[in-house]
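Residues per chain are reported as follows:
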Amino acid sequence: MRTQELRDKFLSFYRERNHKEIPSSSLVPENDPTTLFTGSGMQPLLPFLLGRPHPQGKRVTDSQKCFRAEDIEEVGDNRHTTFFEMLGNWSFGDYFKQEQLPWIFEFLTKSQEEGGANLDPHRLYVTVFAGDSMTGIPADEESISIWKKLFTDKGIEAKYVALESNEKGNELGMQGGRIFSYDVRKNWWSRAGVPAKMPAGEPGGPDSEVFYDFQTPHDQKFGKECHPNCDCGRFLEIGNSVFMEYIKKEDGSFERLAQRNVDFGGGLERIAAAINDDPDVFNIDIFDEVKKSLEVSTEKKYEDYKREFRIILDHIRAAVFILADGVVPSNTGRGYVLRRLIRRAVRFADKLEAKDLRVTNVAKKFTLHRSLLTDVAETFIKIYKNYDLVKQSNAIVPELEKEEKKFRTTLVSGIKEFEARAKDGKITGQDAFDLYQSYGFPWELTEEMAKDRGISVDREAFEEEFKKHRELSRTASAGVFKGGLADRSAETTRLHTAHHLLLKALQMVLGPEVKQRGSNITAERLRMDFSYVNKMTEEQKKEVERIVNEKISEDLPVIRSEMPKEEAEKLGAEREFGQKYPDTVSVYSIGPKDAVPDDPKFSEAFSIEFCGGPHVGRTGEIGRFEIVKEEAVAAGIRRIKARVS
Ligand code: SER
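The rules we used
Residues numbered from 1 in each chain as written. Predicted model: local features only at pLDDT ≥ 70, side-chain atom pairs only at ≥ 80, totals over all residues. Heavy atoms only, no water. Near = heavy atom within 4 Å. Polar contact = N/O pair within 3.5 Å; in protein donor to acceptor, adjacent residues only side chain to side chain. Areas by Shrake-Rupley, 256 points an atom, 1.4 Å probe, with all protein chains shown as cover. Helix = DSSP H or I, 4+ residues; strand = E, 2+ residues; numbered from the N terminus. Nonpolar A, V, L, I, M, F, W, Y, C, P; charged D, E, K, R; others polar. Buried < 20%, exposed > 50% of the residue type's maximum accessible area, 1.4 Å probe, protein only. Pairing = 2+ DSSP bridges. Salt bridge = Lys/Arg side-chain N within 4 Å of Asp/Glu carboxyl O. Axes fitted to C-alpha atoms, helices over the stretch in contact; angles between N-to-C directions. Contact = heavy atoms within 4.5 Å. Expected span 1.5 Å × (residues − 1). Parallel < 35°, antiparallel > 145°, perpendicular 65-115°, else oblique. Left-handed = near helix turned anticlockwise from the far one by under 90°. Core = buried A, V, L, I, M, F, W, Y, C linked by side-chain atoms within 4.5 Å.

Explanation requested: the site of the ligand in the structure shown.
All residues in the neighbourhood of the ligand are listed as Ser40, Met42, Arg68, Met86, Trp189, Asn240, Val242, Asp263, Phe264 and Gly265. Side-chain polar atom of Asn240 to an oxygen atom of the ligand: 3.1 Å apart, as the coordinates give it. The backbone of Gly265 places a nitrogen or oxygen atom 3.1 Å from an oxygen atom of the ligand. Computed on the free molecule, the ligand has an accessible area of 230 Å², of which 95% lies beneath the protein chains in the complex. Those elements that provide at least two residues to the shell around the ligand are strand S9 (235–248) and strand S10 (254–267). When residues of the shell around the ligand are assigned to their parent elements, the largest contribution, three residues, is made by S10. When grouped by side-chain class, the residues that make up the shell around the ligand number five nonpolar, three polar and two charged.

Would you mind going over the pairing of strand S4 (residues 124–129) with me for this structure?
Along S4, six of the six residues are buried, which leaves the element largely enclosed by surrounding structure. Pairing geometry for S4 and strand S8 (residues 203–213), over four bridges, is antiparallel. Following the sheet pairing, Thr127 is matched in S8 by Glu209. Pairing between S4 and strand S6 (residues 179–182): four bridges, direction parallel. Along S6, the bridge assignment pairs Thr127 with Phe180.

So what exactly am I meant to see when it comes to the pattern of salt bridges here?
Side-chain pairing between opposite charges can occur once the charged atoms of the two side chains come close. For the structure shown, the criterion picks out 44 salt bridges. Between Glu419 and Arg453 there is a salt bridge whose closest N-O contact spans 2.7 Å. Of this pair, Glu419 sits in helix H11 (residues 393–421) while Arg453 sits in the loop between helix H13 (443–452) and strand S14 (456–457), placing them 34 residues apart in sequence. In this structure, the salt-bridge partner of Glu550 is Arg546, at a minimum N-O distance of 3.1 Å. Pair noted here: Glu550 and Arg546 are both in helix H16 (residues 538–553), with a separation of four residues, about one helical turn. On the accessibility criterion, Glu550 (23% relative accessible area) is partly exposed. On the basis of relative accessible area, Arg546 is assigned to the partly exposed category, the value being 41%.

Is there a simple way to explain the sheet that holds strand S20 (residues 625–634) in this structure?
Two orientations exist for strands paired in a sheet by backbone hydrogen bonds: parallel and antiparallel. Here four strands make up an open sheet; going across it, the order is S15-S16-S21-S20 and the pairing antiparallel. Each of the sheet's edge strands pairs with one partner strand only, and the pair in question is strand S15 (516–521) and S20. Taken over all neighbouring pairs, the strand axes of this sheet differ in orientation by 20° on average, direction set aside. Seen against the sheet, helix H15 (residues 490–510) touches S15, strand S16 (526–531), S20 and strand S21 (637–644) and runs at an angle of roughly 25° to S16.

Looking at this model, I keep getting lost on the sheet that holds strand S17 (residues 558–564). Mind explaining?
The strand order across the open sheet built from three strands is S17-S18-S19, with neighbouring strands paired in antiparallel fashion. Two strands bound the open sheet, and with one partner strand each, they are S17 and strand S19 (607–610). Strand-to-strand, the axes of this sheet are offset by a mean angle of 25°, without reference to chain direction. Judged from the four bridges that link them, strand S18 (residues 584–590) and S19 form a sheet pairing that is antiparallel. By the bridge assignment, Ser589 is partnered in S19 with Ile608.

Help me understand helix H9 (residues 333–351), please; the structure alone is not making it clear to me.
In an α-helix, one turn spans 3.6 residues; hence positions three or four apart end up facing the same way. The terminal C-alpha atoms of H9 lie 27 Å apart, and with 19 residues this matches the ideal 27 Å at 1.5 Å per residue to within 8%. Counting buried positions along H9 yields 14 of 19 residues, so the element is predominantly enclosed. Where H9 terminates, the next one or two residues include Glu353, which has phi positive at roughly 55°.

Just to check I follow, could you spell out the pairing of S15 for this structure?
The two faces of the sheet receive side chains in turn, since in a regular strand these alternate between them. As paired strands, S15 and S16 are joined by five bridges and run antiparallel to one another. From the neighbouring strand, Gly518 faces S16, where its bridge partner is Asp529. Here S15 hands over to S16 after four residues, the two strands then running antiparallel side by side.

For this particular structure, what's the right way to read the packing of helix H7 (residues 288–298) against helix H8 (residues 306–324)?
Helix-helix packing is described using two parameters, namely the angle between the two axes and the distance between the axes. Where H7 meets H8, the axes come as close as 11 Å, and the angle between the chain directions of the two elements is 125°. Overall, the two elements H7 and H8 adopt an arrangement that is oblique. Handedness of the H7/H8 crossing: right-handed. Residues Val290, Lys291, Leu294, Glu295 and Thr298 of H7 touch H8, and the partners they reach there are Phe309, Ile312 and Leu313. Residues of the contact of H7 with H8, tallied by class, amount to five nonpolar, one polar and two charged.

What is the right way to read the nonpolar core from this model?
As a rule of thumb, soluble globular proteins bury nonpolar side chains together. Judged by nonpolar contacts, the single largest core of 91 residues is most densely connected at Phe67, Trp147, Ile238 and Ile316. At 12 residues, H8 tops the list of elements feeding residues into this core. Judged by nonpolar contacts, the second largest core, of 32 residues, contains Leu502, Met528, Val544 and Val558.

Please clarify how the packing of H8 against H9 should be interpreted in this entry.
Their axes nearest at 9 Å, the elements H8 and H9 cross at an angle of 150°. Put simply, H8 runs roughly antiparallel to H9. Regarding H8 and H9, the two cross each other, and that crossing is left-handed. Note on element contacts: H9 touches H8 through Leu338, Leu341, Ile342, Arg344, Ala345, Phe348, Ala349 and Lys351, opposite Arg307, Glu308, Ile311, Ile312, His315, Ile316, Ala318, Ala319, Ile322 and Leu323. Looking at the contact of H8 with H9, its residues break down into 13 nonpolar, one polar and four charged.

For this particular structure, what's the right way to read the side chain of Ser190?
Examined against the element boundaries, Ser190 turns out to sit in the loop between strand S7 (188–189) and S8. With relative accessibility at 4%, the residue Ser190 sits in the buried group. Polar contacts involving the side chain of Ser190 include one to the main-chain amide nitrogen of Ala192, which spans 3.1 Å. Within the structure, the side chain of Ser190 is placed 2.7 Å from the backbone oxygen of Gly193, a separation counted as a polar contact. For Ser190, the residues in contact, after removing those within four places along its chain, are Met198, Pro203 and Gly204.

The structure is reproduced here in structure tokens:
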């Protein structure tokens, strides 16, 4: 079944059940300052969940365009996309669990001829809310019994596996179960996340999720045992029924909303992947044509270059929809996210050696030199007929082209400079340094280009320059570079910012008395020595990793400020042990989300350190953080080695 058809089937299934179909809202939220982009179906419908009557009545259905910037770095595997469509059905104080769960089960399992998705019920597993002692909100017994009946009616044994059977709830194992309960981290939904994170006045509620089983073998990297919420790839969440019936009060407790709501969100692309019984979301028909034309123009196969293809497909599709909703590339906010998407796509297109390629049109009648990405964008514009992107294509395509050109200008002039300097058969350390300094060429790019041309490049001299430069900037900015930075490559810089996040996370988990006692960062890994007496437990390490990755996924801004030493001390900025600081110091703060250089919002920052940099612009650039080793180095001093991927 084609994805467009699946969308129509879902909408008509709910129209037949007296829902009014409403159009998707813009990706730019109208009255919601909490996020840059619409990331779920409920955001535009919030007022109606809180009780305002919807002009179309108490039952509506839709397919909402969604964009989740926090997933940019995840794209490249078989399931993550930044842009997706969320199929929705909504009850604003009308029906509840007794109708919702049977309906969604019916839609998912009914044959295509009868208007369903025709998924084998044996391949579906469901989760429910396990209850929460902090808020006193009870386990969702009602959903358990509804699911039991639904599966039993299909002749499927429906054993319930309770969260209590494993206290951490993340290594349940299958235990022959069909229905599983999880705590607030997995089966509670609000815009802000778990109950503790919700501000007063925010609605939320327990949810019940449906997972599709691809029956792929479990990968123990993700835990000893597999279970529906395991990330190994066997299970894919395809739908989520949120029973939105609570609101948080000023005193932090929860009370019932005036009405009980249903917010169902189904991943259109994910359900399509389940119908294909292929865990690769990029194998659904929406991507077919673009994939094919990319294969033709790059003379490379998707199968051999999955990561590159997926990043281009996802980022350009997202960019098309964001541009269509009126955002243009810039250095702040939404424009910045859009810029990142386009530039990342350009870099990955270049990895396929797809610079200014010949693009062959379908009839193969002519070839022309133009941007590969523009071609990808135009194909998406054509495919998404229901969104009428063609009308906006005059705004989309030129903006995309302009941004790609801008990005390439620096690249192109850098390459020219490289060629000029490479004429005498070698690239000196100074050359490499100048390329870095004036054209933003990372060392690796210079090295790669030199290798391609079979010429030598002097790494040692390059680093020696680097050192001098470091001394110079140290005086110039009156800042301090962290003692142990091996170089200023992109990798080292990413690890350097991760280092700041790590210190703060250690203090949160082990106690505020933890202090940094030394550091050494190379392009491969970071090493931090810190004061702490005991060996860290597995749980503590996991928690530290979780916090760091959470901050990475929040894509927080990293801001440099200069100030008198006393002021930095007053802010409680972390200092390096034994380090002497000048009267004016350079300080790096990470977060909050809306901090900007003119208004760094120190009181809300996640981390503040005396530091001369360099750092990434936003934590989202870091990648995934992982602790490799934790060991003792001296009495009362522990050492962590960690890397990012
Ligand atoms: N709001 C819920 C989600 O985003 C269901 O629509 O998962």
